[in-house]
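So you can see what is in the structure, the chains are spelled out below.
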Amino acid sequence: MASGPWEDHGMGTQEHMELRLVLVGKTGAGKSATGNTILGRAAFESRLAPQGMTRMCAQESRLWQGYRVVVTDTPNMFDSPEHSARSCYQLARCLLLSAPGLHVLVLVTQVGRFMQEDEEAARQVWRVLGREAARHTIVLFTRKEDLGDISLQHYVSSNASLRALLRTCGGRFCAFSNRAAGAEREAQVEELMVLVQRVLEENRSTHYTSELYSQATRLLNRSDVDFEEKCERLAKQVEQRLQGQQGDGVLGLLRWCCCRFSGDRSHMRRFPGIHVTEPGRVHPACPRAARGRRGLGDEADPGRESWGGEKCHGEHPPRGMRL
Ligand SMILES: Nc1nc2c(ncn2[C@@H]2O[C@H](COP(=O)(O)OP(=O)(O)OP(=O)(O)O)[C@@H](O)[C@H]2O)c(=O)[nH]1
């Protein structure tokens, strides 16, 4: 066991404030290895596997400077554009494990391999959790050693999509070499924890929560339902939320209005989860949006989608909208 801030003083969970970190990212990004670096031990299985090594969300913890740092490792939960039952189940499991809410969402991506799937992972997780989750997000690059002589700052500034993503995350990013050991490993963790402290300060030390987290907390309080059943039940809520974002009810109508009258998007930002389009852009809920998808764009924010392809003239309700 490492010494210094990692030393376990033998105090129980009750004496320590929990810091809940959730690791997300695409398959093979290095989530489990990053979790192990943070924890200072090989708690999660980390191996290159074409179909993904991590199958289930898992959680481990360590003490760090008076905090209990609780790390939730996840599989790639957004491996297909259509949300599979498996993804919804894993999302539900992640929410239950990190209830009543996460303090920090760590978006893990590899140096030199930032791609559309990374953007997608960020976009999707914010879609489920709510756009305000971006205020709790840190981007963590693995394979820092691959940077060689290039500085991390220089690397991130050379990619427009990456710059946009980092702006959305308040410029909070760092890099790990998960192969590092000893003092070098601890220095990396210190660097991450400085950013974690920044997230806490910027969010008045409160964790992020949302309606789904509230549902998770209510379910956790039920002693008559076992954990698997709780995951199943919450997975249905997750699925409904994702389907609802295709355009149900009043929100669906509002989205349609955005799509149609998208000249002024500033006032619509008050509605969480609404994706506001610009004139001439295709709304993702629009049935014509299947083609021509682009990246996050230079002014990305998690509540906004940047779509190319056919123009949306607002003459049709969003796909699947029920009013
Ligand atoms: N050289 C190097 N290899 C790394 C680093 N981080 C992770 N890896 C390797 O990358 C591979 C995938 O790492 P994982 O931690 O399993 O990635 P993951 O995101 O958890 O993958 P899934 O569980 O499959 O989604 C493993 O072989 C790791 O040893 C790093 O910083 N440097």
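- Looking at an unreviewed UniProt entry, the chain carries the name AIG1-type G domain-containing protein, with the source organism given as Cairina moschata.

**Concerning unusual backbone geometry**
And step 1. Here the bond from alanine 99 into proline 100 is cis, since omega is 5°, no more than 30 degrees from zero.
And step 2. Residues other than glycine seldom take positive phi values, yet glutamine 65 does so here, at roughly 40°.
And step 3. Here glutamine 65 is to be found in the loop between strand E2 (58-64) and strand E3 (67-73).
And step 4. The backbone of serine 205 shows a phi angle near 65°, a positive value even though the residue is not glycine.
And step 5. Its place among the elements puts serine 205 in the loop between helix H6 (182-202) and helix H7 (211-220).
And step 6. On the basis of relative accessible area, serine 205 is assigned to the partly exposed category, the value being 45%.

**Regarding the nonpolar core**
And step 1. Among the nonpolar cores identified, the biggest contains 48 residues, and Trp126, Leu129 and Phe141 are the most heavily contacted of them.
And step 2. Examining the composition of this core, we find that 7 residues originate from one element, helix H2 (residues 85-98), more than from any other.
And step 3. Grouped together as the second largest cluster of nonpolar side chains are 25 residues, Leu23, Tyr67, Val104 and Val106 included.

**A short note on H6**
Two residues of an α-helix separated by three or four positions point the same way, owing to the 3.6 residues in each turn.
And step 1. Between its first and last C-alpha atoms H6 spans 31 Å; for 21 residues at 1.5 Å apiece the expected length is 30 Å, and the two agree.
And step 2. Positive phi shows up at arginine 204, right after H6, with a value of about 45°.

**Describing the packing of H7 against helix H8 (residues 227-244)**
And step 1. Axis separation between H7 and H8 bottoms out at 10 Å; the angle between their running directions is 160°. The orientation of H7 relative to H8 falls into the category roughly antiparallel. As H7 runs across H8, the sense of the crossing is right-handed. Residues Leu212, Gln215, Ala216, Leu219 and Leu220 of H7 lie in contact with H8, whose contacting residues are Phe227, Lys230, Arg233, Leu234, Gln237, Val238 and Arg241.
And step 2. Residues that form the contact of H7 with H8 fall into these classes: 7 nonpolar, 2 polar and 3 charged.

**Description of the sheet that holds E3**
To summarise the sheet geometry, strands pair through backbone hydrogen bonds and adopt either a parallel or an antiparallel arrangement.
And step 1. Read across the sheet, 6 strands follow the order E2-E3-E1-E4-E5-E6 without closing on themselves; strand pairing throughout is mixed. The open sheet has two edge strands, E2 and strand E6 (173-175), and neither has a second partner. Strand-to-strand twist in this sheet, taken as the mean axis angle between neighbours without regard to direction, amounts to 25°.

**Some thoughts on the confidence of the model for the chain**
Detailed reading of predicted coordinates is not advised where the pLDDT is low.
And step 1. Counting all residues, the mean pLDDT for the chain is 76, and 68% of those residues have values of 70 or more.
And step 2. Confidence over residues 1-12 falls short of pLDDT 50; this stretch has 24 contacts with residues more than four positions distant or in other chains.
And step 3. In this model, residues 246-252 is a region of pLDDT below 50 whose contacts with residues beyond four sequence positions or in other chains number 18 contacts.

**Observations concerning the pattern of salt bridges**
And step 1. What the rule picks out here adds up to 11 salt bridges.
And step 2. Notably, a salt bridge pairs arginine 135 with glutamate 132, separated by 3.6 Å at the nearest N-O pair.
And step 3. Residue classification places arginine 135 among the partly exposed residues on the basis of a relative accessible area of 43%.
And step 4. Exposure remark for glutamate 132: the relative accessible area of 43% places this residue in the partly exposed category.
And step 5. We note a salt bridge from glutamate 202 to arginine 198, for which the minimum N-O separation is 3.4 Å. Residue glutamate 202 and its partner arginine 198 are both found in helix H6; the two are separated by 4 residues, about one turn of the helix.
And step 6. Glutamate 202 sits in the partly exposed class, given a relative accessible area of 39%.
And step 7. Through salt bridges with shared partners, a single network forms among Arg172, Arg198 and Glu202.

Definitions and cut-offs
Residues numbered from 1 in each chain as written. Predicted model: local features only at pLDDT ≥ 70, side-chain atom pairs only at ≥ 80, totals over all residues. Heavy atoms only, no water. Helix = DSSP H or I, 4+ residues; strand = E, 2+ residues; numbered from the N terminus. Buried < 20%, exposed > 50% of the residue type's maximum accessible area, 1.4 Å probe, protein only. Core = buried A, V, L, I, M, F, W, Y, C linked by side-chain atoms within 4.5 Å. Expected span 1.5 Å × (residues − 1). Axes fitted to C-alpha atoms, helices over the stretch in contact; angles between N-to-C directions. Parallel < 35°, antiparallel > 145°, perpendicular 65-115°, else oblique. Left-handed = near helix turned anticlockwise from the far one by under 90°. Contact = heavy atoms within 4.5 Å. Nonpolar A, V, L, I, M, F, W, Y, C, P; charged D, E, K, R; others polar. Pairing = 2+ DSSP bridges. pLDDT = per-residue confidence, 0-100. Salt bridge = Lys/Arg side-chain N within 4 Å of Asp/Glu carboxyl O.

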